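# Chains, contacts and geometry: an overview
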Amino acid sequence: MATVKSTKTTGKKAAPAKSSKAKAESAPAKAPSQSKPAHIIDVPKTVEELKVSILRHLHTTQGTDSEKASKKAWWGATASAINEVVFERVTQTQKKQRKTDTRAVHYLSLEYLMGRLLKNNLCSLDLMGVAEQALTELGCDFHEIYDEEPDMALGNGGLGRLAACYIDSLATLNYPAIGYGIHYEHGLFNQSFLGGRQVERPDSWREYGNPWEICRPESVQEIPLYGYVETRYNEQGEIEKEWHPGRIIKGVPWDIPIVGYGESNVNILRLWESRASDFFNWDVFNAGGYLDSHVENVQAETISKVLYPNDTTDAGKELRLIQQYFFTACSIKDIVRRYKRAHGDDWSKFADQVVMQLNDTHPAVAIPEMMRILIDRAGMEWDDAWALCQKVFAYTNHTLLPEALEKWPVHLFERVLPRHLEIIYEINARFLDGIVSKVFADDEHLDAIKSKLSIIEEGDHKMVRMGNLSVIGSFKVNGVAQIHSELVKSDLFPEFYRIWPEKFTNVTNGVTPRRWLKACNPKLSELIDKHIDADWPVHLDKLQGLAKKAKNKTFQNAFMKIKHDNKVELAKTIKELTDVDVDPNAIFDIQIKRLHEYKRQQLNLIHIMALYRRLLQNPDLDVPKRVFIFGAKAAPGYHMAKEIIYAINKVADRINLDERIKDKLKVVLLPNYRVSLAEKMIPAADVSEQISTAGKEASGTGNMKLALNGAVTVGTLDGANIEIAEEVGDDNIVIFGLTVAQVKELKGEGYNPWDYYYANPELKAVLDWFDTDYFTPGKPGELADVKRSMLDYGDEYLCLADYQSYSQAHKRVDELFRDKAKWAEMAIINTAKMGKFNSDRSIEDYVRDIWKLESCQAV
Ligand code: 26Q
């Protein structure tokens, strides 16, 4: 690697330019600010400045030099150089927000699936061209440097990635906001395959440090756990409660700057790391318990050790409840501390300044925690405290699946959070005796209604229902797509909806176009720049302007050439990861999402097997070549999901090596699906598989990312697919399968998958294949569980009922793909019509209907 050398750009300074390339090349000088405080160094803006800064950081931050630096060191040094710009903006943003003392949203989420930050931060700062040139001139391959960055995989899937998109939009739109979460030592596990079976290994994203984060010891919090509650009378003869915790845990905040796009704010994602409290352990230590104090340290540090890898509930796990309480309590203390700095002990403005968004029920324990702070700490009366609480919390529901609704055993709650359980009982009693008794006074089923609405589920094992707590304690409850929000009202919380109809609302999800188009698909972005205003990344509706080019041959060719180039790149990645050769001229049909029976990867699989069978019967069958590409992690304890992974891999092995079908069909399951792999797959997709059973997928967001990059959706009328269909029009999407109403009807009649099995010989033959050793030589029946799930176990997700329609949908895809012009037109229309699904629109919806924030630009 080279040292800094004189280049064409030496001495030139940057100015606003249309693209970062332009900026790198031409740069009139900008007068240095006279009033700049002495500590502020010039932030690197030109190629030459950035090179100097990278080299400086190679020495000072990485402790190496350009002769011997590893790629990791170059990446770290580049990130540190960029931080000079970023942290300057953090300070400006915080200063401005403190000065104006505006209302802010506090996004509470147990998950943030951030992915990598370098490329996105460069893109937001319009420094991509500058950085790429600087790294090239320093003798580095910038692609390789980008690839050094580990993904920040602090989330499972959709909900975690949504949080990441939302904090990006909040910063871009200059809304005062802070994201709170957990600083997991291990994010979502790394996945590999051994003999086709999923193997999980720990993810250690921070093993070699993380240049983006900064520790804030001055904001450490102490969090109580366990112990008992003392009830006593004060001097006025009133009852007072005091929680005597059995343990104190320390929460250490790490701040990660969230860089808004363009000239906008840099907000903060604050992640809490758990540590043993020095204060608490000192006693144990002095009492001669040196070893015991270390044991306590280990227990304390376990709290933020690892992300739970389930995307439905992990029933009754104590550590999970402690994680939830730990990060919510730290966050609320942080929020209250900041509020008190401006308002002292006057709580009257709190609800004007603070709104907390609960990302699903995971942080719902924030509600009793806030009550505890107000009553036990601030000495507020119950009614005043409750009135305040109900103005502060809003709850987003992300699922209708009954098994995914969180419940905690009462006895566990009582042991871990004794005071909170008391508060929950009190909230519940007042709710049931108050508004429920009033609204349903004349209902003959009042008792049944009460037991349904109660926060406590009665029975042999009493449970705390976090969904009910969230609805009762929040002023707004939203679903994440229109149909889902309707089902939240009609099926999930119908009685709550009767009590508070105005509480329920919808905010359809969205994705950030900065990461999911501009940064991940630079060629398409450049083409778009040439045809519409270059500010489309912040005004995504402008993509509409491409629709009028959809039939234009030159534009079609340019658009499809880029798709092809992206497919060539993905084919290389596929080769590297799986050693399978795929033809970029084939249809790239992609299903990327967590593995779950309701998402129906198994439906995709049986259809692939049917295609294979048709080809075996007639190898000359005139069908377009197809590559089916999957990316999916299964929760380590989810048996059937792991069996489906194994089945996909086994079927793939057999098909990919079968010369009889002449490469007309290929199947790959790419290992370790994650944000950075998604960024390579999505730009290369022709077809997007969104095939959940209608009514099961709350929204989906991969559907939006794929369509945005010009993929045609094959999908059910579920979640946001419905709204995508409305936007692109029926001609530009391939819809199949039962509707929500039809699913309900069929289930109501008593669904019998065997009827479909016997009625469709192809389907029967495919399912029977699972019993043989065709895909698992010498081991017949190894895949039989997958068949059983769709027959003996009742086919809960109606794969067989939807099979025929799905197969026809794919025949339609074949026909459409043969007509190159038609396909190009569809792809272009998909990109052009995705404006609605950008996360800036979602955030504006939240701001208007729920958060009521004012934008406050600091930069
Ligand atoms: C809960 C308790 C214990 C352990 C794990 C969990 C847990 C963790 C993650 C439960 C659920 C999740 C994640 C859910 C999720 O990602 N839901 C998805 O959210 C997306 C964003 O709204 C939607 O687009 C998807 O439809 C929805 O499935």
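See above for the structure.
Thresholds, definitions, all that
Residues numbered from 1 in each chain as written. Predicted model: local features only at pLDDT ≥ 70, side-chain atom pairs only at ≥ 80, totals over all residues. Heavy atoms only, no water. Near = heavy atom within 4 Å. Polar contact = N/O pair within 3.5 Å; in protein donor to acceptor, adjacent residues only side chain to side chain. Areas by Shrake-Rupley, 256 points an atom, 1.4 Å probe, with all protein chains shown as cover. Helix = DSSP H or I, 4+ residues; strand = E, 2+ residues; numbered from the N terminus. Nonpolar A, V, L, I, M, F, W, Y, C, P; charged D, E, K, R; others polar. Salt bridge = Lys/Arg side-chain N within 4 Å of Asp/Glu carboxyl O. Buried < 20%, exposed > 50% of the residue type's maximum accessible area, 1.4 Å probe, protein only. Axes fitted to C-alpha atoms, helices over the stretch in contact; angles between N-to-C directions. Parallel < 35°, antiparallel > 145°, perpendicular 65-115°, else oblique. Left-handed = near helix turned anticlockwise from the far one by under 90°. Contact = heavy atoms within 4.5 Å. Expected span 1.5 Å × (residues − 1). Phe/Tyr/Trp six-rings, centres within 6.5 Å; stacked < 30°, edge-to-face > 60°.

Bringing the site of the ligand into the picture now. Near the ligand, the surroundings consist of 21 residues, among which Leu159, His398, Asn509, Glu697 and Gly700 are the closest. One of the side-chain nitrogen or oxygen atoms of asparagine 509 is found 2.9 Å away from an oxygen atom of the ligand. In this structure, glutamate 697 approaches the ligand through a side-chain N or O atom, which is 2.6 Å from an oxygen atom. Taking 610 Å² as the accessible area of the ligand by itself, protein coverage stands at 94%. Looking at the shell around the ligand, the element that brings in the most residues is helix 7 (residues 158-172), giving 3 residues. A class-by-class count of the residues in the shell around the ligand yields 5 nonpolar, 10 polar and 6 charged.

Our focus in this paragraph is the pattern of salt bridges. A pair can form between side chains of opposite charge whenever their charged atoms are brought close. According to the stated counting rule, one finds 68 salt bridges in the structure shown. Of the charged contacts, one joins aspartate 147 and arginine 116 as a salt bridge, the two residues approaching to 2.8 Å between their closest N and O atoms. Taken together, the residues span a long stretch of sequence, with aspartate 147 in helix 6 (residues 142-147) and arginine 116 in the loop between strand 2 (112-115) and helix 4 (118-124) at a distance of 31 residues. A relative accessible area of 40% places aspartate 147 in the partly exposed class. Notably, a salt bridge pairs aspartate 579 with lysine 575, separated by 3.1 Å at the nearest N-O pair. On the accessibility criterion, aspartate 579 (56% relative accessible area) is exposed. Its relative accessible area of 34% is what places lysine 575 among the partly exposed residues. Each of Arg216, Asp255, Arg270, Asp334, Arg337 and Arg338 takes part in one network of salt bridges that share partners.

Attention now goes to the packing of helix 23 (residues 601-617) against helix 32 (residues 799-818). Viewed as axis vectors pointing N to C, helix 23 and helix 32 meet at an angle of 55°, and their least axial separation amounts to 10 Å. What the angle tells us is that helix 23 and helix 32 run oblique. Crossing hand, helix 23 versus helix 32: right-handed. Residue-level inspection shows Gln602, Leu603, Asn604, Ile606, His607, Ala610 and Arg614 of helix 23 in contact with helix 32, the latter providing Cys799, Leu800, Tyr803, Tyr806, Ser807, His810 and Lys811. Residues that form the contact of helix 23 with helix 32 fall into these classes: 7 nonpolar, 5 polar and 2 charged.

Let us now look at helix 23. If you check helix 23, its first and last C-alpha atoms are 24 Å apart, about what 17 residues at 1.5 Å a residue would give, namely 24 Å. Most of helix 23 is tucked away, with 14 of its 17 residues classed as buried.

Where helix 12 (residues 366-377) meets helix 13 (residues 382-392), the axes come as close as 9 Å, and the angle between the chain directions of the two elements is 140°. The orientation of helix 12 with respect to helix 13, classified from their angle, is oblique. The handedness of the crossing between helix 12 and helix 13 is right-handed. Facing Ile367, Met370, Met371, Leu374 and Ile375 of helix 12, the residues of helix 13 in contact are Trp382, Ala385, Trp386, Leu388 and Cys389. Of the residues assigned to the contact of helix 12 with helix 13, the class counts are 10 nonpolar, no polar and no charged.

Within this structure, the stated rule accounts for 27 aromatic pairs. Summarising the aromatic geometry, the rings of tyrosine 612 and tyrosine 774 are spaced 6.3 Å apart at their centres and angled 55° between planes, so their arrangement reads as tilted. Of this pair, tyrosine 612 sits in helix 23 while tyrosine 774 sits in the loop between helix 30 (761-769) and helix 31 (784-790); the two residues are 162 residues apart in sequence, bridging distant segments of the chain. With a relative accessible area of 0%, tyrosine 612 lands in the buried category. Seen in terms of ring centroids, phenylalanine 817 and tryptophan 823 are 5.1 Å apart; in terms of plane orientation they differ by 75°. Their pairing is edge-to-face.

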